[in-house]
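Summary of structural features
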Amino acid sequence: MPKITCPNCASSNTCRIMYGMPSYTPELEQKLEAGKVHLGGCIIEVGSPNRHCNDCELDFDTNAPNIYLDIDGVLLANDLTPANYAKEFLATVLERYPHTTYWLTTHCDGDATTAFLYLVGRIPQEAVPFLEKIQPTKWKLWKTEGIDFSKDFLWLDDTQFEGEKNALIEKGALDKFILIDLKANPNQLLDVMNSKAE
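Residues numbered from 1 in each chain as written. Predicted model: local features only at pLDDT ≥ 70, side-chain atom pairs only at ≥ 80, totals over all residues. Heavy atoms only, no water.

Strand order across the open sheet formed by four strands is E2-E1-E3-E4, with mixed pairing between neighbours. Two strands lie at the open edges of the sheet, namely strand E2 (37-41) and strand E4 (59-60), each paired on one side alone. On top of the sheet, helix H1 (residues 26-34) reaches strand E1 (14-19) and E2; it is set at about 100 degrees to E2, its chief contact. (Pairing = 2+ DSSP bridges. Helix = DSSP H or I, 4+ residues; strand = E, 2+ residues; numbered from the N terminus. Contact = heavy atoms within 4.5 Å. Axes fitted to C-alpha atoms, helices over the stretch in contact; angles between N-to-C directions.)

Quick look at the structure:
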C-alpha cells in the first residue's frame, strides 16, 4: 500500500490518528514512540483529521475533497470587482479545506504566485492571507488536465468547454462541476457556502 503523504510538507512519515480512550498498553506506547499512531482525543466529529504528519505535526483528513477555483467570473465579477461574499467564501473554503484547495485558472500555470499577484488589489485586503494558502495546478489545453480524478473534488468555474465536459463525463464526475453565474445570481458564492454546509 502506498504511503500517504502530508499535504503540507509532502513527507511520507505519516500515521493514522486514533480517537477515543484507548487502553495505554506497552504495544500502544511502542506505536506512539515509533510514530505509527497519533492520539487525536476522546471525541471524533465529522471532518476530524484521520492522519498525522510526524515531520511538520499537521493533522489532516485524507477524505477531504480537492477544491478547484477559477478567478474571473468566480472570485471576481466580470467587471474585475470582488464577487459578493468572495472574502467569506475564501474564509469558509480554506477553513474546511486548508490543504486541498487549488487554483484552476488561466492565471496559474504551476505557480500560485501569478494568481496571488493578479488578485492582490482586486479583493479586500482581509482576504489576501487566504490566497496564500491556495495551491497551484498545471494544465495546457483543458482545465480538467489539472484535476486529480483519484480524489473527490468540486470545481467552481464560470465556463466549461466541451472538451472539459467530455473529460468529466468520461470520469463520471460531471456532478463535481459547479457553474458560477454571477450575472444571474450575484450572491451565488453565499449560496454555494450554504448548500455545502448542509
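With that settled, the discussion passes to the layout of surface pockets. Here the largest pocket is characterised by a volume of approximately 710 Å³. What lines the largest pocket is a set of 29 residues, and nearest its centre among them are Asp61, Thr62, Ala64, Thr100 and Lys151. Class assignment of the residues belonging to the lining of the largest pocket gives a composition of 14 nonpolar, nine polar and six charged. (1 Å grid on protein atoms, 1.4 Å probe; cavity = no way out; pocket = protein on both sides within 12 Å on 5 of 7 lines; lining within 4 Å. Points joined across faces, edges and corners; volume = space filled by probe spheres on them. Nonpolar A, V, L, I, M, F, W, Y, C, P; charged D, E, K, R; others polar.)

With respect to topology, four strands assemble into an open sheet ordered E6-E5-E7-E8, the strand pairing being parallel. Pairing within the sheet leaves two strands with one partner each, and these edge strands are strand E6 (101-103) and strand E8 (177-179). Neighbour to neighbour, the strand axes of the sheet diverge by 20 degrees on average, direction disregarded. Both strand E5 (residues 66-69) and E6 contribute to a ladder of three bridges, which runs parallel. The partner of leucine 69 across the bridge, within E6, is tryptophan 103. Along the sheet, helix H2 (residues 86-96) makes contact with E5, E6 and strand E7 (153-157), crossing E5 at roughly 155 degrees.

What follows deals with the packing of aromatic side chains. For the structure on display, the rule yields five aromatic pairs. Geometrically, the ring pair formed by tyrosine 68 and tyrosine 102 is stacked, given 5.5 Å between the ring centres and 25 degrees between the ring planes. One end of the pair, tyrosine 68, is in strand E5; the other, tyrosine 102, is in strand E6, with 34 residues separating them in the sequence. Per residue, the accessibility class of tyrosine 68 equals that of tyrosine 102, and both read buried. Between tryptophan 142 and phenylalanine 161, the ring centres sit 6.4 Å apart and the planes meet at 45 degrees, which makes this aromatic pair tilted. You can see tryptophan 142 sitting in the loop between helix H4 (128-131) and E7 and its partner phenylalanine 161 sitting in the loop between E7 and helix H5 (162-170), a full 19 residues away along the chain. A relative accessible area of 29% places tryptophan 142 in the partly exposed class. Each residue in the set Tyr68, Tyr102, Phe149 and Phe153 is aromatic and connected to the rest through ring pairs, giving one cluster. For arginine 122, the ring lying beneath its charged end belongs to tyrosine 118, and the centroid distance is 4.2 Å. (Phe/Tyr/Trp six-rings, centres within 6.5 Å; stacked < 30°, edge-to-face > 60°. Buried < 20%, exposed > 50% of the residue type's maximum accessible area, 1.4 Å probe, protein only. Lys NZ or Arg CZ within 6 Å of the ring centre and 35° of its normal.)

The full count for this structure, using the stated rule, is six salt bridges. For the salt bridge of lysine 138 with aspartate 109, the shortest nitrogen-to-oxygen distance reads 3.3 Å. Within this pair, whereas lysine 138 is found in the loop between H4 and E7, its partner aspartate 109 is found in the loop between E6 and helix H3 (112-119), the two being separated by 29 residues in sequence. Residue classification places lysine 138 among the partly exposed positions, given a relative accessible area of 48%. Across the salt bridge formed by lysine 176 and aspartate 152, the nearest N and O atoms sit 2.8 Å from each other. With lysine 176 in the loop between H5 and E8 and aspartate 152 in the loop between H4 and E7, this residue pair connects regions lying 24 residues apart in the sequence. If you follow the salt bridges from partner to partner, you end up with Asp70, Lys143 and Asp157 in one network. (Salt bridge = Lys/Arg side-chain N within 4 Å of Asp/Glu carboxyl O.)

Looking at where histidine 107 falls in the secondary structure, it is placed in the loop between E6 and H3. Residues histidine 107 and aspartate 72 lie 35 residues apart in sequence; the distance between their C-alpha atoms is 9.1 Å. Apart from residues lying up to four places away in sequence, histidine 107 is in contact with Ile71, Asp72, Thr114, Ala115 and Tyr118.

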